[in-house]
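Fold and contact review
Read off the chains here:
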Amino acid sequence: MSERSLRARVTQEVAEVIATRRVGAYQHITLVAPGVAELARPGQFVALAVGGETSGTLLRRSFSIHKVSPSGTYGGTVEIVVSAVGVGTRWIVERAPHDTIDVVGPLGKAFPLPTEPVACVLVGGGYGSAPLFWLAGELRERGCHVEMVLGAASEDKLFGVVEARRSSDGVTVTTDDGSAGHKGWVSDPLPEIIDRTRAGVVYGCGPMGMLESITRVAQAHGAVAQVAVEESMACGVGVCMTCVMPVVGSDGRTRMVRSCVEGPVFRGDAVRWDAFDGGHARVPDDAVGAPKVGGH
């Protein structure tokens, strides 16, 4: 689909908050945004303006879409999960019912869905698991066997364990400190699950280090990884270039692409994980347009 066509499927709305509740370490917020709800697909995201009309905070905050309801008592709704870690996200979680937030969406590329029933494993880290429940429903409607692996640093940082049991055919929980489920990382039980279910696809959303590890496990066990990356997105619409990352194209060449437009979902084996250090991507020396020693 062309970039012009993608833009045509994006809308901007002043959304009303109709519900907000605390879920562990996170805030679950439901917004009335019928235009976004009608167009959105699992894996896409929304960008929210922060601070109201007189705010000095210029950059929007981006969030994966947890669920949508195209119709209902209040019209189409969009659900997001927010972790309050800074001034912008704290402002968002402080919104009360009937407050409004300016929303742009749906943005980015969605998770690709298999054309035939195939076993799938969905892996989420922390509140990165938010978009996977909607995806699980879509996959099961297509006759796919779905298992979920949810991980976090500790029990309070997990999201959606109870919902996962309703949304999938099997759930595995891991925590770094062992406070819930198996002690360890989501990549630890993944080989057994892929082999047992003969999974053809592993979907993931969470920290970049987690996505790299599940990609390597999927490759080693004959599955394709489709990962929704968590690069920082300052605009969400492909203008600011803050979320560029190195990805290998169909021609085998590495290019710096915008994760908000060309992603956020990529094939895991196309991402140049070797270029990431501390969560930030550098430009590989062999990338198209990379600076050369002594100048261009």
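What counts, and where the lines are drawn
- Residues numbered from 1 in each chain as written.
- Predicted model: local features only at pLDDT ≥ 70, side-chain atom pairs only at ≥ 80, totals over all residues.
- Heavy atoms only, no water.
- Helix = DSSP H or I, 4+ residues; strand = E, 2+ residues; numbered from the N terminus.
- Buried < 20%, exposed > 50% of the residue type's maximum accessible area, 1.4 Å probe, protein only.
- Lys, Arg positive; Asp, Glu negative; His and termini not counted.
- Salt bridge = Lys/Arg side-chain N within 4 Å of Asp/Glu carboxyl O.
- Polar contact = N/O pair within 3.5 Å; in protein donor to acceptor, adjacent residues only side chain to side chain.
- Contact = heavy atoms within 4.5 Å.
- Pairing = 2+ DSSP bridges.
- Axes fitted to C-alpha atoms, helices over the stretch in contact; angles between N-to-C directions.
- pLDDT = per-residue confidence, 0-100.

**Examining the side chain of glutamate 79**
- With respect to the secondary-structure elements, glutamate 79 resides in strand β5 (residues 77-82).
- No salt bridge is formed by the buried glutamate 79, whose closest oppositely charged neighbour, lysine 67, lies at an N-O distance of 5.3 Å.
- Looking at glutamate 79, its side chain comes within polar contact range of the side chain of histidine 28, at 2.9 Å.
- Discounting chain neighbours no more than four positions away, the residues touching glutamate 79 are His28, Ile29, Thr30, Ser64, Ile65, His66 and Lys67.

**As for the side chain of glutamate 147**
- With respect to the helices and strands, glutamate 147 occurs in strand β8 (residues 146-152).
- Exposure remark for glutamate 147: the relative accessible area of 6% places this residue in the buried category.
- For glutamate 147, the side chain forms a polar contact with the side chain of arginine 196, separated by 2.9 Å.
- Residues within four places of glutamate 147 in sequence aside, it is in contact with Cys120, Val121, Leu122, Ser168, Gly170, Ile193, Arg196 and Thr197.

**Observations concerning the pattern of salt bridges**
- If you walk through the whole model with that rule in mind, you get 12 salt bridges.
- Here aspartate 99 makes a salt bridge to arginine 95, at a shortest N to O gap of 3.9 Å.
- In this structure, the salt-bridge partner of aspartate 274 is arginine 272, at a minimum N-O distance of 2.9 Å.
- A network of salt bridges, in which partner residues are shared, links Glu147, Glu192 and Arg196.

**Points about the sheet that holds strand β4 (residues 61-69)**
- Taken in spatial order, the 6 strands line up as β1-β2-β5-β4-β3-β6 and close into a barrel, and their pairing is antiparallel. Sheet twist, expressed as the average angle between the axes of neighbouring strands with direction ignored, equals 45°.
- Where strand β1 (residues 11-23) lies against strand β6 (residues 100-107), 6 bridges are found, and the strand directions are antiparallel. Residue pairing in the sheet places threonine 11 in a bridge with glycine 105 of β6.

**Some thoughts on the sheet that holds β8**
- Strands sit in the order β10-β9-β8-β7-β11-β12-β15 across an open sheet of 7 strands; the sheet is mixed. Strands at the two margins of the open sheet, each flanked by one partner only, are β10 (182-183) and β15 (265-267).
- Examined bridge by bridge, strand β7 (residues 120-125) and strand β11 (residues 201-205) share 5 bridges and lie parallel to one another. From the neighbouring strand, valine 121 faces β11, where its bridge partner is valine 202.
- Contacting β7, β8 and β11, helix α4 (residues 132-141) runs over the sheet at an angle of about 175° to β7.

**Describing the environment of aspartate 102**
- Along the chain, the position of aspartate 102 falls in strand β6.
- Aspartate 102 sits in the partly exposed class, given a relative accessible area of 22%.
- Placed 89 residues apart in sequence, aspartate 102 and glutamate 13 show a C-alpha to C-alpha distance of 5.8 Å.
- With residues up to four places along the chain from it excluded, the contact list for aspartate 102 reads Gln12, Glu13, Val14, Ala47, Leu48, Ala49 and Arg60.
- Within the structure, aspartate 102 has its side chain in polar contact with the side chain of glutamine 12 (distance 3.0 Å).

**Re the confidence of the model for the protein chain**
- Taken over all residues, the pLDDT of the protein chain has a mean of 89, while the share at 70 or more is 93%.
- Throughout residues 1-7 the model reports pLDDT below 50, and contacts reaching past four residues in sequence, or to other chains, amount to 3 contacts.

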